[in-house]
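Architecture and fold: a report
For reference, the chains in residue letters:
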Amino acid sequence: MTKPKRRPAEEQQAAPPREIAEPICAACLRANGSVCCEVAQGEKLATLLIADIERIEAATGLPRHRFVEREELDPAERLAYETHRPIYRGVFVGNVRYGLKARRGACVFLERGRGCSLPLEAKPLACLLYPLDFDLAGEVTLLDAPHCLALERAEGPHHLLRMLGTTRPELAKLHARALAEGADHARRERRLLRNR
Ligand code: SF4
Ligand code: SF4
């Protein structure tokens, strides 16, 4: 889930996230290892919103410092991130981004050979969406995910949607959730800043 970039519009296919189906990801895990949960030197894992953090705390009982990495972005980095990922516009209050913590080159929740150890209801929004994203208008776009088997095998938007086991209405719900939880995150971060 690293350094997400947006593909040019002409290369994009409309597509879905992975609320239900896991087969393509299981096949990917066997073929490629845990590519979307690993990071190379200098790369970062998925962004976390406060709502993601609270769901993970509730599901695992872990304190947030065990799985959250706090990163200070410089203004140019923040702008670049928000440009590539419009659903995060306004979220990085005080230029602070929270992300999943890595250990030995992979997300702390990754079980090698088995995949994510979090229950589906506690998976971060960004992980549910990957390799998908939304543009400013709320249209589904694709992240640049060169090793993603789903993207490699998809013969078109509908096929990709079926492989990932979701629907456009499910995507619309995730988009609404991203906007609502992003706004809530920003509100709470601003309050924290004011009270410091
Ligand atoms: S939370 Fe789960 S799906 Fe997300 S990067 Fe970590 S192991 Fe992968
Ligand atoms: S890279 Fe793509 S196909 Fe592979 S596990 Fe991640 S989302 Fe699934």
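Every chain's residues receive numbers from 1 upward, in the order its sequence appears when written. Chains and ligands are labelled sequentially in the order written, the chains with letters from A and the ligands with numbers from 1. Reporting in this predicted model follows two pLDDT cut-offs: at least 70 for local features of residues, and 80 or more for side-chain atom pairs to be given and counted; totals over whole chains, interfaces and linings ignore these cut-offs and use all residues.

What to know about the pairing of strand 2 (residues 96-100)
As a rule, residues whose C-beta atom has 12 or fewer other C-beta atoms within 10 Å are exposed, those with 20 or more are buried, and those in between are partly exposed; C-beta atoms are placed from the backbone. The secondary structure listing takes helices from DSSP runs of H or I that are at least 4 residues long and strands from runs of E that are at least 2 residues long, numbered from the N terminus. Within strand 2, 4 of the 5 residues are buried, which leaves it mostly tucked inside the rest of the structure. When DSSP finds two or more bridges between a pair of strands, those strands are recorded as paired. Sheet topology places strand 1 (residues 68-72) next to strand 2; 5 bridges connect them, and they run antiparallel. In the strand pairing of strand 2, Glu-71 is matched with Arg-97.

Describing the site of ligand 2
Nearness rests on one distance test: the residue's C-beta atom, set from the backbone, must lie within 6 Å of the molecule or strand. Close to ligand 2 lie 13 residues, the nearest being Cys-25, Cys-28, Cys-36, Cys-148 and Ala-150. At the level of elements, helix 1 (23-32) and helix 5 (149-153) are the ones that each hand at least two residues to the shell around ligand 2.

Digging into the nonpolar core
By convention in this section, buried Ala, Val, Leu, Ile, Met, Phe, Trp, Tyr and Cys residues joined through C-beta atoms within 7 Å make up a nonpolar core. If you look at the biggest cluster of nonpolar residues, it comprises 47 residues, and the most contacted ones within it are Ile-24, Leu-125, Leu-129, Tyr-130 and Ala-150. When contributions to this core are tallied by element, the ones reaching two or more residues are helix 1, helix 2 (50-60), strand 2, helix 4 (125-129), strand 8 (140-142), helix 5, helix 6 (157-164) and helix 7 (168-194). When residues in this core are grouped by element, the largest group, 5 residues, is from helix 4. When residues no more than four places from it in sequence are discounted, the contact partners of Ile-24 are Leu-149, Ala-150, Met-163 and Leu-164. Throughout, a residue-residue contact means that the two C-beta atoms, derived from backbone geometry, are no farther apart than 7 Å.

Comments concerning the confidence of the model for the protein
Confidence scores per residue from the predictor, reported as pLDDT, run from 0 to 100. When pLDDT is averaged along the protein, the result is 88; 89% of the residues meet or exceed 70. Note on residues 1-21: pLDDT under 50 across the span, and 69 contacts to partners over four residues away in sequence or across chains.

Describing the environment of Phe-92
Relative to the helices and strands, Phe-92 resides in the loop between helix 3 (75-84) and strand 2. We classify Phe-92 as buried; it has 23 C-beta atoms within 10 Å. Sequence separation between Phe-92 and Leu-49 is 43 residues, and the spatial gap between their C-alpha atoms is 9.6 Å. Residues within four places of Phe-92 in sequence aside, it is in contact with Leu-73, Arg-78 and Arg-97.

Quick notes on the environment of Leu-132
Note on placement: Leu-132 falls in strand 7 (residues 132-134). For the pair Leu-132 and Leu-143, spaced 11 residues apart in sequence, the C-alpha separation works out to 5.7 Å.

Brief notes about unusual backbone geometry
The peptide bond linking Tyr-130 to Pro-131 adopts the cis configuration, its omega dihedral lying at 5°. Looking at the secondary structure, you find Pro-131 in the loop between helix 4 and strand 7. Unusually for a residue other than glycine, Arg-104 sits at a positive phi of about 50°. Mapped onto the secondary structure, Arg-104 falls in the loop between strand 3 (102-103) and strand 4 (106-107).

Observations regarding the environment of Arg-177
As for its position among the elements, Arg-177 is in helix 7. Spatially, the C-alpha atom of Arg-177 lies 8.5 Å from that of Leu-125, the residues being 52 residues apart in sequence.

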